[in-house]
Amino acid sequence: MEWLRFTGLDKHYGGRRIFSGASGVLRDKEKIALVGDNGAGKSSLLRLLARIDRPEQGEIGYARGARAGYLAQAEEAASGATLHGLLDAAFAHIRSDERRVRELEEAISASAERADAAVQDELFRKYAVARETFERHGGEGLERHMRAMLKALGFEAADLRRPIAEFSGGQRTRASIARVLLEEPDFLLLDEPTNHLDIQTVRWLEDLIIADPRSFLLVSHDRYFIDRVADTVWEIEGGGLHVYKPARNAYTAYVCEKQERVEQSQRDFAKASAEEKRRRAVIAELRTHGSHNYVQVHSREKLLARVEPAVQPKQSKHTFNVALTAARKSTRGIAIAMDGLAKSYGAKLFCDLSLDVARGERMAVVGPNGSGKSTLLKIVAGLVAPDAGSVRLGSGLKVAYFSQDAEAELRAGVSAVGGVMEAAPVTPQRARALLGRLGLGGDSADKPVESFSGGERRRIMLARLMAQDADCLLLDEPTNDLDIASREALESVLNEYEGAMLAVSHDRYLLRRLTQRVLSLADGAWSVLSGGYDDYERRERGETPSNAVATPERKAARKPSPPAREKQQARLERDLAELEADVAALDARRLELEYEFANPGLYGDKQRVAVLKSELDDVTQRFNVQMEAWESALEALETLAER
C-alpha cells in the first residue's frame, strides 16, 4: 500500500533553487532516512510532504483517509501551554473520530426504530468505516495511553501541569515526540527526532521505531540511528532527490553504494574522454586524405556531435586533503598507563581506575552525561589533577588534547594562521597549507577567528591538532558543529592515524568506525569491553554481544556482483569496438582502391579495372552496412546510459 506519493516537486528560496523534480513513494512499513548537506532542503521537503508549505510545482498525494504525523526540527508550543495541553491537543483527531462513531450509533438506533432497512444498511456501512478509523487511531483509553507514553519518555505525572517553557531542550523534544505518537497517525514524518536527547532516550526511540509497523520518513544527522532504524536512504544532492537501494544497516550501505557510484562515474568520465579524443583523432586523420573523404568526415562529425560531451564528476567539497601523523610510527609498548585513578566533584565519578592503552590502540570512552568522561581526558592530558592514583605516559610520548569547547581556546582577534601557529612551532606556510587542505585556504586564512562559523572554527582547531604531530590524541566531542559530510571527512583522516587515541563522543557511528575497545563510566564505576562499540550497544540493550553488524570498512570490502545493466553495457561496448575495427579496416581498403584508380596507367588493363571496380563496390557496400550497424550500436549504448 502507498501512504504517500509525490512527483516533480520544486522548491526555491528567492532566486536560489533548493531542489527540483523531486519524486518518491512512501509505502507500507517502509522506514526511510532523508540525508543531505545542511541547506540541501531536507526540512523543506518534509514540510511540503506534511502539507504545511506548498510546492511551486509538482503534486503530493495521500492514501484516502490517511493522516500524517509531523515532528518539526524545532517545535514551539503556544505561550503558557502546559505539557498536558500540548498532549491533549494530540487527541483532537481521535476525539473527532469518536464523535463520528457516536453520531452514527445514534443514527442507526433511530433508523431501527423507523424500520428503515435501506437507510440502516448504509449507516452500518459508514459505521464500520468510522469505527475502523477510530480504532486505528487509538480508540478508547486515551488518558491511560498518554500517561504510559509519558512514563516511557521519563516524565512524571506532576510534569503534566508544568509550562512547556520550563523544560530543557531534551525534554521539549521528548514532549514533541510524545505528542506526534499520541496522534496515532498512519505514517510519520520526523525532522531530527534525536536532537537534544540523551543516549538512553535515543535507544528507546530506536527500539520503538523498529517495532512500529507504520511507515516513517525521517531526517537525522545521527548515522548510527539511521543504521538501526532505516531500511532505505534518500539523498538530496545537487538539487535532486536520489533513491538508494534498500539494505540492512541502510546508512553504511548507502555510503558504500555512493562511493561505488562516484568511482564508476570517474571511470565513465575517463573512458568517455578517451573515446572522444580517439574519435577526433580519426576525423583529423581522414581529413588528411583529401576532400574525397568528406562524406566519411561529415558522417563521423555528425555522430560525434550527437554524443554528449564528457563531464568531469564533481569532487566532494568536504574532502579533507590532509593527514594526521604521529611523531613515532611504533605501535609496540604502552602509550598510557592509568593506575588507581579516582575523582569526585561532590559525587564520585570513578575510583581505582587502572587501565593500560597500547601505542596505536583506539579506545572509546562512554557513559551518561556527568559520568566523568571529559574529566578523565583532562586528567590524562595533565590539565586536572586526580584525587588519587597516577597517569604515566610512554617514553617520549607526545599528547595532543582536543577539548569539547575547543574553539574557545582561540584568542579573539588572532587570524586562523596565527591560531594554528600558537598551538605548534610551525611556519606560516605550513599553517596555511593545513588550513587550505581543510577548506580554509586563500584569503580566509587571514580572517580573525571570530568571523568563522562554529564548524569552521572546529576545522581551525583540527589544523592546530595536526600541526602538533602527536603520538596520542585525546578527543572530546570532535564532531560537534560538523555536518555529516564533514564528519565523514574527519573520520577518514582519523582512520589513517597511526598513534593511540582516546575518544569521547555522542557520535556513535564515529565510535563504531574508529575504536577497538570501550571504557564505560557510570554511577561511579567503570568497566572495559573488548568487542568494539557495537557489542557495547548490545550489552546496554541486554542483548547477546555479537560481531554480526558490519562496520563501514567490512561492508566496503564486499563487492556486489555486476547487475544485468552493467553486463548489457559491457556487451554493447564490445560490439561497438568490433564494429569500429571492421569499419576502420574497410575504410582503409577503400582508400587503397581509390588510390589505385587515381593511377592513369591502370586504365590500359581493362580486366584489372573491372576486378578493382567490383572489389570497390563490394567494400563500399560492406562499409555502409557496418557503418549503419555501428550507428545502431552507439544509439543503443546511449539509450542505456540515459535510463
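Above: the structure in question.
Cut-off values and rules
Residues numbered from 1 in each chain as written. Predicted model: local features only at pLDDT ≥ 70, side-chain atom pairs only at ≥ 80, totals over all residues. Heavy atoms only, no water. Helix = DSSP H or I, 4+ residues; strand = E, 2+ residues; numbered from the N terminus. Buried < 20%, exposed > 50% of the residue type's maximum accessible area, 1.4 Å probe, protein only. Contact = heavy atoms within 4.5 Å. Areas by Shrake-Rupley, 256 points an atom, 1.4 Å probe, with all protein chains shown as cover. Phe/Tyr/Trp six-rings, centres within 6.5 Å; stacked < 30°, edge-to-face > 60°. Lys NZ or Arg CZ within 6 Å of the ring centre and 35° of its normal. Salt bridge = Lys/Arg side-chain N within 4 Å of Asp/Glu carboxyl O. Polar contact = N/O pair within 3.5 Å; in protein donor to acceptor, adjacent residues only side chain to side chain. Pairing = 2+ DSSP bridges. Axes fitted to C-alpha atoms, helices over the stretch in contact; angles between N-to-C directions. Parallel < 35°, antiparallel > 145°, perpendicular 65-115°, else oblique. Left-handed = near helix turned anticlockwise from the far one by under 90°. Expected span 1.5 Å × (residues − 1).

1. Description of the overall build of the protein
- Within the protein, the regular secondary structure consists of 20 helices and 18 strands.
- Per-residue burial over the protein gives 46% buried out of 643 residues.
- Summarising the internal contacts of the protein: among those between residues at least 6 apart in sequence, 70% fall at separations of at least 24.
- Summed over its atoms, the accessible surface of the protein is roughly 32,100 Å², and 50% of this surface lies on carbon and sulfur atoms.

2. Notes on the packing of aromatic side chains
- Tallied over the full model, the rule gives nine aromatic pairs.
- Ring centres 4.9 Å apart and planes at 90° place the aromatic pair tyrosine 244 and tyrosine 254 in the edge-to-face group. Of the two residues, tyrosine 244 is situated in the loop between β9 (240-243) and α9 (250-287) and tyrosine 254 in helix α9; the sequence distance between them amounts to ten residues.
- When the centroid spacing of 5.4 Å and the interplanar angle of 45° are considered together, the rings of tyrosine 533 and tyrosine 536 count as tilted. Within this pair, tyrosine 533 and its partner tyrosine 536 are both found in helix α17 (residues 533-540), separated by three residues, close to a single helical turn. Of the two residues, tyrosine 533 and tyrosine 536, both sit in the buried class.
- Among the aromatic side chains, those forming a connected cluster through ring pairs are Tyr244, Tyr251, Tyr254 and Tyr509.
- Positioned above the aromatic ring of phenylalanine 155 is the side chain of arginine 174, whose terminal nitrogen or guanidinium carbon lies 5.2 Å from the ring centre.
- Of note, arginine 261 hangs over the ring of tyrosine 244, and the distance from its end group to the ring centre comes to 4.3 Å.

3. What about the pattern of salt bridges?
- On inspection of all chains with the given rule, the structure shows 36 salt bridges.
- Linking glutamate 257 and arginine 261 is a salt bridge whose minimum nitrogen-to-oxygen distance equals 3.3 Å. One end of the pair, glutamate 257, and the other, arginine 261, are both in helix α9, four residues apart, so they sit about a helical turn from each other.
- Residue glutamate 257 is classed as buried on the basis of its relative accessible area of 14%.
- On the accessibility criterion, arginine 261 (38% relative accessible area) is partly exposed.
- Taken together, the shared-partner salt bridges in this structure form one network comprising Arg203, Glu206, Asp207, Asp222, Arg228, Arg508, Glu537, Glu540 and Arg541.

4. Some thoughts on the side chain of serine 215
- In this structure, serine 215 sits in strand β7 (residues 215-219).
- A distance of 2.6 Å separates a polar atom in the side chain of serine 215 from the backbone oxygen of arginine 27.
- For serine 215, the side chain forms a polar contact with the main-chain nitrogen of lysine 29, separated by 2.9 Å.

5. Here we look at the pairing of strand β16 (residues 500-504)
- Counting buried positions along β16 yields five of five residues, so the element is predominantly enclosed.
- Residues of β16 alternate between two faces, with Ala500, Leu502 and Val504 on one and Met501 and Ala503 on the opposite face, all of them buried.
- Pairing geometry for strand β15 (residues 472-476) and β16, over five bridges, is parallel. In the strand pairing of β16, cysteine 472 is matched with alanine 500.

6. Considerations on the packing of helix α13 (residues 428-437) against helix α14 (residues 454-467)
- Orientation of α13 relative to α14, taken along the N-to-C sense of each, is 130°, at an axis distance of 9 Å. As judged from the angle between their axes, α13 and α14 are oblique. Taken as a pair, α13 and α14 cross one another with a handedness that is right-handed. Residues Arg430, Leu434 and Leu435 of α13 form the contact with α14, whose own contacting residues are Ile460, Ala463, Met466 and Ala467.

7. Side note on helix α15 (residues 484-495)
- With twelve residues, α15 should cover 16 Å at 1.5 Å per step; its first-to-last C-alpha distance of 16 Å lies within 8% of that length.
- The element α15 is extensively covered by neighbouring structure, given that ten of its twelve residues are classed as buried.
- Taken as a whole, α15 has its buried residues at Ile484, Ala485, Ser486, Arg487, Glu488, Ala489, Leu490, Glu491, Val493 and Leu494.

8. Things to note about the sheet that holds strand β10 (residues 334-345)
- Judged by pairing direction, the sheet is antiparallel, and its three strands sit side by side in the order β11-β10-β13 without closing on themselves. The open sheet has two free edges, formed respectively by β11 (347-358) and β13 (388-393), since each of these has just one partner strand. Each strand axis lies, on average, 15° off the axis of its neighbour in the sheet, ignoring direction.
- One ladder, built from five bridges, connects β10 with β13; its direction is antiparallel. Note on β13: the bridge partner recorded for isoleucine 336 is leucine 393.
- Strand contacts of helix α11 (residues 373-380): β10, β11 and β13, with the helix running at about 125° to β10, the strand carrying the most contacts.

9. Looking at the sheet that holds strand β4 (residues 57-62)
- Read across the open sheet, the three strands follow the order β2-β1-β4; overall the sheet is antiparallel. The open sheet has two free edges, formed respectively by β2 (16-27) and β4, since each of these has just one partner strand. When the angles between neighbouring strand axes are averaged without regard to direction, this sheet yields 15°.
- Looking at chain direction, strand β1 (residues 2-13) and β2 are connected through eight bridges and run antiparallel. Pairing of glutamate 2 across the sheet is with arginine 27, part of β2.
- On top of the sheet, helix α1 (residues 42-49) reaches β1, β2 and β4; it is set at about 125° to β1, its chief contact.

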